[in-house]
Structure formats: structure tokens, C-alpha cells
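Observations on the three-dimensional arrangement
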Amino acid sequence: MSSKAYPIAYLTRIEKFSACHRLHSPHLNDAENAATYGKCNNFHGHGHNYTVEVTLKGPINPVNGMVMNITDLKVAINTAIMSTMDHKNLDKDVPYFKDHVSTTENVAFYIWQNLQNVLENPSLLYEVKIYETDKNVITFRGEVTGTD
């Protein structure tokens, strides 16, 4: 019994979206929030022009030569990211952030979960990378720790 080997490729789609937020944890008092988040705890919030890279990892299909049709990936990204987050106040317009601080780490996790829900083959999702600024970058690869 022989099995055929297929080359593995990484497919990345890059999108940009704009959103505002305020870093403020309900688990901290006002003084602790100010000390933890500094100017990012501004009562009126602040905005970012985020760049997000969604990377899939999978075998190159021998029939169509693709890991995934890029058109299908664009639709998934529009559903999971752009329609829910672009030009939104993350804390007020995205229900997930009512209970989670809208740090870029949590934004990456939220995007990962949304993509898992809309991709036809979620096992292809390899990485979500978000550039909050030119100097602040978060990468999430679906790894979790602990039991609660």
C-alpha cells in the first residue's frame, strides 16, 4: 500500500482594517487600569489601522494547484474580520469584547475563532498575525494552555 506525498505550502492573505478601542479591564479598578494600560486607557479610546495576515498551511491540490482558492479565502476574511471589525468600536460594536479586553492578543484570538467558524476546512488555518502598529505585532497559532 503506497500513499502519495503532496507538497505543503503556506498561503497568506493580507488585509487592513481600522477600528477603535479602549484598553480597560473590568477586573481592575480605574487606578489599576490607568497603571496597566497608560494612554491606551483613555476614556474616549483611540484607533488603529490594523494589518492582519491570515496564513493557511496545507497540501497543494494536484488537480487545481492550490492550498485553497484565494477567492474563498477572501470571502472568509470578509465575513470573519472585515464585516465585524472594520470601522467599528471594538468594545461597543463587537459582543466578544464586552467580556474580553480588546488587546491585540485578544483581537488575534477572536479573529482565529471567527475564521475557524467560516472556513470550509478550518484545519488549514495556521496563523493569524496582526500589526497593531509598525512596531507592535501579535501572532496567534491556535495554541492554548491550561484547562480553564
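For every chain, the first residue of its written sequence is number 1, and the numbers climb from 1 along that sequence. In view of the model being predicted, local features appear only for residues whose pLDDT reaches at least 70, and side-chain atom pairs are presented and counted only at 80 or more, with totals across whole chains, interfaces and linings using the full set of residues. The basis for the side-chain values is all heavy atoms of the structure; hydrogens and waters are excluded.

This is how it is decided: UniProt positions are given in the numbering used here, feature names are shortened, and annotations may be inferred rather than shown by experiment.
By the naming in an unreviewed UniProt entry, the protein chain is 6-pyruvoyl tetrahydrobiopterin synthase, taken from Riptortus pedestris. The heading Cofactor (unreviewed entry) in the UniProt record of the protein chain holds the text "Zn(2+)".

**Considerations on the overall build of the protein chain**
Stated precisely, the cut-off is as follows: A run of H or I in DSSP becomes a helix once it reaches four residues, and a run of E becomes a strand once it reaches two; helices and strands are each numbered from the N terminus. Only protein chains enter the accessibility calculation, which uses a 1.4 Å probe; a residue is then buried when its area is under 20% of its type maximum, exposed when over 50%, and partly exposed in between.
Each helix and strand counted, the protein chain has four helices and five strands in total. Of the regular secondary structure in the protein chain, the N- to C-terminal order runs β-α-β-α-β-α-α-β-β. Taken over the C-alpha atoms alone, the protein chain extends approximately 65 × 35 × 30 Å along its principal axes. Relative to its 148 residues, the protein chain shows a buried fraction of 39%.

**Quick look at the nonpolar core**
Keep this limit in mind: Residues belong to a common nonpolar core when they are buried Ala, Val, Leu, Ile, Met, Phe, Trp, Tyr or Cys residues joined through side-chain atoms within 4.5 Å. Note on contacts: a residue pair is in contact if any heavy atoms of the two residues lie within 4.5 Å.
Residues Phe17, Leu56, Ile81, Ile111, Leu115 and Val128 are the most contacted members of the largest nonpolar core, which totals 32 residues. Every element with two or more residues in this core is listed here: strand 1 (8–21), strand 2 (46–59), helix 2 (70–85), helix 4 (104–118) and strand 4 (125–131). If you tally residues by element for this core, the top one is helix 2, at seven residues. Residues contacting Leu115, with those up to four places away along its chain left out, are Val54, Ala76, Ile77, Ala80, Leu125 and Val128.

**Brief notes about the sheet that holds strand 5 (residues 137–140)**
Keep this limit in mind: Strands were regarded as paired on the criterion that DSSP finds at least two bridges between them. Only C-alpha atoms enter the line fits that serve as axes; for helices the fit covers just the stretch in contact. Angles between N-to-C directions range over 0 to 180 degrees.
Reading across the sheet, the five strands line up as 3-1-2-4-5 and stay open at both edges, with mixed pairing between neighbours. On the outer flanks of this sheet lie strand 3 (88–89) and strand 5, each paired with one strand and no other. Taken strand by strand, helix 2 contacts strand 1, strand 2 and strand 3, and its axis lies near 20 degrees from that of strand 1. Running over the sheet, helix 4 touches strand 1, strand 2, strand 4 and strand 5 and is turned about 145 degrees from strand 4.

**Structural notes on the side chain of His48**
Operational definition: Residues adjacent in sequence count toward polar contacts only when both atoms are side-chain atoms; beyond that, a polar contact is any pair of N or O atoms within 3.5 Å, and within protein one must be able to donate a hydrogen and the other to accept it.
Within the secondary structure, His48 sits in strand 2. In terms of polar contacts, His48 uses its side chain to reach the side chain of His46, at 3.2 Å. Here the side chain of His48 touches Glu132 through a polar contact of 3.4 Å, side chain to side chain. For His48, the residues in contact, after removing those within four places along its chain, are Phe17, Ser18, Ala19, His21, Glu132 and Thr133.

**Remarks on unusual backbone geometry**
Even without being a glycine, His87 presents a positive backbone phi close to 55 degrees. Locating His87 in the fold gives a position in the loop between helix 2 and strand 3.

**Points about the pairing of strand 4**
Extensive coverage of strand 4 is indicated by the burial of five of its seven residues. Inspection of the sheet shows strand 2 paired to strand 4 by six bridges, in the antiparallel sense. What sits directly across from Glu53, in strand 4, is Lys129. Counting the residues between successive antiparallel strands, the hairpin from strand 4 to strand 5 contains five residues.

**Comments concerning the packing of aromatic side chains**
Worth spelling out the cut-off: Note on aromatic contacts: the rings of Phe and Tyr and the six-membered ring of Trp form a pair at centre separations within 6.5 Å, being stacked when their planes are under 30 degrees apart, edge-to-face when over 60 apart, and tilted otherwise.
Going through the model one piece at a time under the given rule, you end up with seven aromatic pairs. Relative to Phe97, the ring of Tyr96 lies with its centre 5.1 Å away and its plane at 90 degrees, an arrangement referred to as edge-to-face. By relative accessible area, Phe97 is classed as buried at 4%. Here Tyr96 and Tyr110 contribute two aromatic rings whose centre-to-centre distance is 5.3 Å and whose plane-to-plane angle is 40 degrees, an arrangement assigned as tilted. Of this pair, Tyr96 sits in the loop between helix 3 (90–93) and helix 4 while Tyr110 sits in helix 4, and the two are 14 residues apart along the sequence. Comparing Tyr96 with Tyr110 shows no difference in burial state: the two are buried. These aromatic residues form a ring-pair network of at least three members: Tyr96, Phe97 and Tyr110.

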